[in-house]
Amino acid sequence: MPSNQSPLGALPSRFRRQRILVIGCGDVGLRVVRTVGARVQWRALTSSPDRVSAFRDSGVLPLQGNLDRPATLRRLAGLADRVLYLAPPPSEGWTDPRMAAMTRVLRLRQPPQALVYASTTGVYGDCQGQWVTEGRALAPQTPRAQRRVHAELVARVWGRATGTPASIVRIPGIYAPDRTGGTPRTRLEKGTPVLQAEDDVYTNHIHADDLAAACWRALWRGAPQRVYNVSDDTRLKMGDYFDLAADLYGLPRPPRVPRGAAVEQLPVMLLSFMSESRRMDNSRMKSELGVRLRYPDVATGLVSPSGTP
């Protein structure tokens, strides 16, 4: 039987709605919920009692637990038909014990029908501006990216062991005008410099709404242990991206500096993004998941639905 057909036949719809568990249900997770609505039953793990009422108002059943306290996760075993894992790894170390704990719990009872893990394009490392398909060898250059590589491996090993399709979506920079910190406006207003043209790197993006759509489709169409680059069609270097945003917002373009000066002026985290250059090939996302980008490039996505920045 196809995975998108229910064996429950003509039972009332409330008994046929699949149970979707979102781990790390922040901005993107709630966008998925809003897009899909009540066609499924939503559950979300939360470690914050302050978020319980907000989840309920959104039609999501909150389940309290903490990824850093595995004993609190046992109640999640067998509760979901499909799992969307959007939670980040810890901020330190080389592995992701959170993902390891979650997959152990999911093996305690009947495993879900599908799992989607949200990773990062940072696992590819610096590709010197080359086009990057999902078949490229991984070369993480930071502990942050290495933790994601570990989590991907855990998800795929779990998927093979349980016979569950475990799809990986690799995500670049997420943006949206209605997302907190979701545009370059604040950085532009501060006048933070960017690299001069000869030192600049390619950067990749995805609008939060398109990411939500891709995650949802991966839950249903993702092939077992398959990887998908979830990126838009933008082909810009980082400095050009900030120039474009500045023009859209009517702000001064950022100053351009050589890499040596950037090392002295910019924080380490920002420099790490300026040290990796790649162009993401998103053809598998489109052909296999059937994603049609609502915002195919940042020029259309950096403005609000009303057409204003």
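For the structure, see preceding data.
Residues numbered from 1 in each chain as written. Predicted model: local features only at pLDDT ≥ 70, side-chain atom pairs only at ≥ 80, totals over all residues. Heavy atoms only, no water.

Asks: Summarise helix 4 (residues 97-106); cite the residues concerned and give the values.
Replies: Where burial is concerned, most of helix 4 is hidden: 8 out of the 10 residues are buried. Taken as a whole, helix 4 has its buried residues at Arg 98, Met 99, Ala 100, Ala 101, Met 102, Thr 103, Val 105 and Leu 106. The inward-facing, buried residues of helix 4 abut strand 1 (19-23), strand 4 (82-85), strand 5 (114-120) and helix 5 (143-162). If you check the start of helix 4, you find a side-chain oxygen 3.0 Å away from the backbone N of Arg 98, and it comes from Asp 96. (Buried < 20%, exposed > 50% of the residue type's maximum accessible area, 1.4 Å probe, protein only. Helix = DSSP H or I, 4+ residues; strand = E, 2+ residues; numbered from the N terminus. Contact = heavy atoms within 4.5 Å. Polar contact = N/O pair within 3.5 Å; in protein donor to acceptor, adjacent residues only side chain to side chain.)

Asks: Could you give an account of the packing of aromatic side chains, with specific residues and numbers?
Replies: Remark: the centre distance and the inter-plane angle together describe each pair of aromatic rings, the angle taken between the planes. Following the criterion strictly, the structure yields 4 aromatic pairs and no others. Ring geometry for Trp 42 and Trp 216: centres 5.9 Å apart, planes at 45°, overall tilted. One end of the pair, Trp 42, is in strand 2 (residues 41-46); the other, Trp 216, is in helix 7 (residues 208-221), with 174 residues separating them in the sequence. The pair formed by Trp 42 and Trp 216 is uniform in burial state, with each residue classed as buried. On the basis of an interplanar angle of 70° and a centroid distance of 5.2 Å, the ring pair of Tyr 241 and Phe 242 is categorised as edge-to-face. Of the aromatic side chains, those joined through ring pairs into one cluster are Trp 42, Trp 216 and Trp 220. One cation-aromatic arrangement involves Arg 185 over Tyr 249; the distance from NZ or CZ to the ring centre is 4.4 Å. Above the plane of the ring of Tyr 202 lies Arg 279, whose end atom (NZ or CZ) is 4.6 Å from the centre. (Phe/Tyr/Trp six-rings, centres within 6.5 Å; stacked < 30°, edge-to-face > 60°. Lys NZ or Arg CZ within 6 Å of the ring centre and 35° of its normal.)

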